[in-house]
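Coordinate inspection notes
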Amino acid sequence: MSIVTVQLGQCGNQIGHEVFHCLCSDIHGTHGLCSSKENQSYQDACKERFFWEEESGVPVARAVLVDMEPKVISQTLSMAARSGCWKYSHQSHFCQKQGSGNNWANGYSVHGPRHKESIMDLVQKEAEKCDRLGGFVTIMSVAGGTGSGLGAFVTQCLRDAFPASFILNHVIWPYGTGEVIVQNYNCVLTLSHLYRSADALLVHENDVTHKICSQLMNIKHISFRDVNQVIAHELGSVFQPSHTAEGGPDYARNPLGDLMETLVPHPEFKMLGLRNIPHIPENSLPYSTFSWPGLIRHLRQMLIANAQMEEGIDWQVRPPPPGSCPPSSHSTKKPLHFNTSIANLVILRGKDVHSVDLGSFQDPSLYTSWLSPQDALNAWRTPRAFNKYEKSASLVSNSQFLLKPLDSVVGKAWNMFASKAYIHQYTRFGIEEEDFLDSFTTLEQVISSYTTL
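Since the model is a prediction, treat every value here as computed from it, not as a measurement. (Residues numbered from 1 in each chain as written. Predicted model: local features only at pLDDT ≥ 70, side-chain atom pairs only at ≥ 80, totals over all residues. Heavy atoms only, no water.)

Re the overall build of the protein chain
Heads up, the condition is: We count a stretch as a helix when DSSP gives it H or I for four or more residues in a row; a strand needs E for two or more, and each element gets its number in order from the N terminus. In this scheme, a residue with accessible area under 20% of its type's maximum is buried, one over 50% is exposed, and one in between is partly exposed, where area comes from a 1.4 Å probe on protein chains only. Every residue pair with non-hydrogen atoms within 4.5 Å of one another is taken to be in contact. To be clear on the numbers: accessible area is Shrake-Rupley with a 1.4 Å probe, and residue cover counts the displayed protein chains and nothing else. The positive count covers Lys and Arg only, the negative count covers Asp and Glu only, and His and the chain ends enter neither. By convention, the point assigned to a charge is CZ for Arg, NZ for Lys, CD for Glu and CG for Asp.
Scanning the protein chain for helices and strands turns up 14 helices and 12 strands. Viewed in the frame of its principal axes, the protein chain has a C-alpha envelope of about 65 × 60 × 45 Å. When burial is assessed residue by residue, the protein chain has 59% of its 453 residues classed as buried. Considering only intrachain contacts with a sequence separation of at least 6, the fraction spanning at least 24 residues in the protein chain is 81%. For the protein chain, the computed accessible surface area is about 18,500 Å², with 51% contributed by carbon and sulfur atoms. Here the protein chain contributes 36 positively and 43 negatively charged side chains, and the mean placements of these two sets differ by 4 Å.

Some thoughts on the layout of surface pockets
Under the convention used in this document: Of the two site types, the cavity is a set of points on a 1 Å grid over the protein atoms alone where a 1.4 Å probe fits but cannot get out, and the pocket is an open set with protein on both sides within 12 Å along at least five of seven lines, each lined by residues with an atom within 4 Å of a point. Grid points are joined across faces, edges and corners, and a volume is the space filled by probe spheres set on the points.
By volume, the largest pocket amounts to about 760 Å³. Forming the boundary of the largest pocket are 37 residues, of which E205, N306, Q308, K404 and P405 lie nearest the centre. Of all the secondary-structure elements, those providing two or more residues to the lining of the largest pocket are α6 (183–197), α7 (206–216) and α12 (403–418). Among the elements that line the lining of the largest pocket, the one with the most residues is α12, at six residues.

Describing the side chain of T190
Looking at the element boundaries, T190 is found in helix α6. With relative accessibility at 0%, the residue T190 sits in the buried group. Not counting residues within four places of it along the chain, the set of residues in contact with T190 comprises W104, M140, V142 and S148.

Considerations on the packing of α6 against α12
The line we're drawing: The convention used is that axes are lines fitted to C-alpha atoms, helices contributing only their stretch in contact, and that angles between N-to-C directions extend from 0 to 180 degrees. It is the rotation of the near helix from the far one that decides the hand of a crossing: anticlockwise by less than a right angle makes it left-handed, clockwise makes it right-handed. Each residue receives one of three labels: charged for Asp, Glu, Lys and Arg, nonpolar for Ala, Val, Leu, Ile, Met, Phe, Trp, Tyr, Cys and Pro, and polar for the others, Gly being one of them.
At a minimum axis separation of 8 Å, α6 and α12 run at an interaxial angle of 115°. Along this stretch, α6 crosses α12, giving a crossing that reads as left-handed. Taken together, the residues of α12 that come into contact with α6 (itself represented by N184, Y185, C187, V188 and L191) are L406, V409, V410, K412, A413, M416 and F417. Among the residues forming the contact of α6 with α12, the class breakdown is 10 nonpolar, one polar and one charged.

Quick word on the sheet that holds strand β5 (residues 93–95)
Adjacent strands of a sheet pair through backbone hydrogen bonds, lying either parallel or antiparallel. We count it as follows: Two strands are counted as paired when DSSP detects at least two bridges linking them.
Spatially, the 10 strands line up as an open sheet ordered β5-β4-β1-β6-β7-β8-β9-β12-β10-β11, and their pairing is mixed. On the outer flanks of this sheet lie β5 and β11 (377–382), each paired with one strand and no other. For this sheet, the mean angle separating the axes of adjacent strands, direction not counted, is 20°. When strand β7 (residues 166–173) meets strand β8 (residues 200–205), the two strands line up parallel, connected through six bridges. Looking across to β8, one finds that W173 is bridged to E205.

Some remarks on the packing of α6 against helix α14 (residues 433–451)
Our working rule: Here the angle decides the label: under 35 degrees means roughly parallel, over 145 means roughly antiparallel, 65 to 115 means roughly perpendicular, and every other value means oblique.
At a minimum axis distance of 9 Å, the contact between α6 and α14 shows a crossing angle of 70°. The angle between α6 and α14 places the two elements in the roughly perpendicular class. Along the contact surface, α6 presents Y185, V188, L189, L191, S192, H193, Y195 and R196, while α14 presents D435, F436, D438, S439, F440, T442, L443, V446 and Y450. Considering only residue class, the contact of α6 with α14 consists of 10 nonpolar, four polar and three charged.

A few points about the nonpolar core
To keep things clear, this is the line we draw: Only buried residues count toward a nonpolar core, which is a set of Ala, Val, Leu, Ile, Met, Phe, Trp, Tyr and Cys residues joined through side-chain atoms within 4.5 Å.
One finds M271 and F361 to be the most contacted residues of the largest nonpolar core, which totals 144 residues. Sorting elements by how many residues they give to this core places helix α4 (residues 104–128) first, with eight residues.

Describing the packing of aromatic side chains
Inclusion rule: Note on ring pairs: Phe, Tyr and Trp rings are taken, using the six-membered ring of Trp, and paired if centres are within 6.5 Å. Classes follow the plane angle, with under 30 degrees stacked, over 60 edge-to-face and the rest tilted.
The final tally for this structure, using the stated rule, is 17 aromatic pairs. Seen in terms of ring centroids, Y185 and Y426 are 5.6 Å apart; in terms of plane orientation they differ by 90°. Their pairing is edge-to-face. Here Y185 is found in helix α6, whereas its partner Y426 is found in helix α13 (residues 424–427), with 241 residues between them in sequence. Owing to a relative accessible area of 0%, Y185 belongs among the buried residues under this scheme.

Describing helix α2 (residues 36–50)
Which entries qualify depends on this criterion: Here the expected length of a helix is defined as 1.5 Å per residue gap, with one fewer gap than residues. It is the directions from the helix axis to the C-beta atoms whose arc is reported.
With 15 residues, α2 should cover 21 Å at 1.5 Å per step; its first-to-last C-alpha distance of 21 Å lies within 8% of that length. Residues E38, N39, Y42, Q43, A45, C46, R49 and F50 constitute the buried set of α2. One face of α2 carries all of its buried residues, which in axial projection span an arc of 165°. Facing away from the buried side of α2 by more than 90 degrees, the exposed set consists of S36 and K37.

A look at the domain arrangement of the protein chain
Under the convention used in this document: As used throughout, domain bounds are those supplied by an automatic or database domain assignment. Put simply, buried area is the surface a 1.4 Å probe can reach on two separate parts but cannot reach once they are joined, added for both. A carboxyl oxygen of Asp or Glu within 4 Å of a side-chain nitrogen of Lys or Arg is what we treat as a salt bridge.
Partitioning the protein chain into domains gives domain 1 (2–276), domain 2 (282–321 + 336–400) and domain 3 (404–452). Using C-alpha coordinates to define each centre, domain 1 is positioned 24 Å away from domain 2. Taken residue by residue, the interface counts 45 residues in domain 1 and 36 residues in domain 2. Roughly 3,600 Å² of surface becomes buried between domain 1 and domain 2 when both sides are summed, with 59% attributable to carbon and sulfur atoms. On the domain 1 side of the contact with domain 2, T262, L263 and R275 bury the most area, a combined 19% of that side's loss. For the pair domain 1 and domain 2, the number of links is one salt bridge. For D26, the salt bridge goes to R384, with nearest N and O atoms at 3.2 Å.

A short note on the pairing of β11
Each regular strand carries side chains that alternate between the two faces of the sheet. Among the six residues that make up β11, six are buried, leaving the element largely enclosed by the rest of the structure. With burial as the criterion, each face of β11 is covered, one bearing L377, A379 and R381 and the other bearing N378, W380 and T382. As defined by bridge partners, strand β10 (residues 341–350) adjoins β11 across six bridges and the pair is classed as parallel. Bridged to L348 within β11 is R381.

In structure tokens, the structure reads:
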């Protein structure tokens, strides 16, 4: 089944380009390490999922590019065309001459309604090219103006126009040190609106990805492109074809439907985090060996200790012993905070995947009490290796991983709101104080629900 990607704002368009580039280089790689029949069905499934073919045979990304400034979109289009192995359609982008100036209200209340028809027309045309539409993935930042404000508006429009389709928002969490003075307002407004429209939010934190670039990939001068390539690799590790437990030998299932069914058992809990191992520089690959038991042990500890990468994991954090009473309130400040999960999905790619034992992920103490571990854990596998790694494992988790950053953003935004800082920039575009209060209420409820797991 096919997925239509909607790239929103500068961040969304730059990451979207890296994602398609990563998918394309993966299917053209010679490192499949599996039978040629398996490799062929993997390539066919990937092409159907993310590309359609022109008469010339060049794969064209199933994507709509939206930005309020032309510069990034024209760069993105030409970089894709220059790659020679895929491109974007020249009929599926929308841009204007003037950006949203990092103002969420400008993107949501002005640009959104003004350009709704043109943008949704492009989305409709892209959806009609799919024989079987699996749903939509939007890629956007939560901190800026176009990506976040217009992105929240477009997500609502997608929900109205395609009520039966799955919608996954892939959102980029801003650097904690701050890129934009009003980024906490923008985050609160975006997340609360997305929570009402989307089926799930898959979150990447810029600070975490930056750390991976510096500590694991050994990149000395980190650019946005380096960060985006790590994000694209992690997304590819989830969305490239793999076999589900029920799916049998073919790759044809809907990855978005499978993802939601597996990880979002209740509409109150929609926050998904992603961990992928290993991450190592390409020139170190020939000298590295990985065993499945080692990868799985690291991935499990990353989950329970809420570690963002395989280096520097706190191995002291342990699940509570069976039968012990949980503390009366899960404080997000606790130093050894155990990360409780609602549901987890482990995706294994590469050599000998079918012999991997995931019993350690079925420990009932990892999960909330209202879902059995058999239902809470799912595994997808494929013997086809991904992007030069002989063995790789990804974990998509619906757990308490985002409690701390979410609590922090809501707290900072509330302190600014309490002193009425910068509110006038939003009210002049029609976002009133009541809208802020509604958004705070929505996110306080999300924080409260995850805290009581």
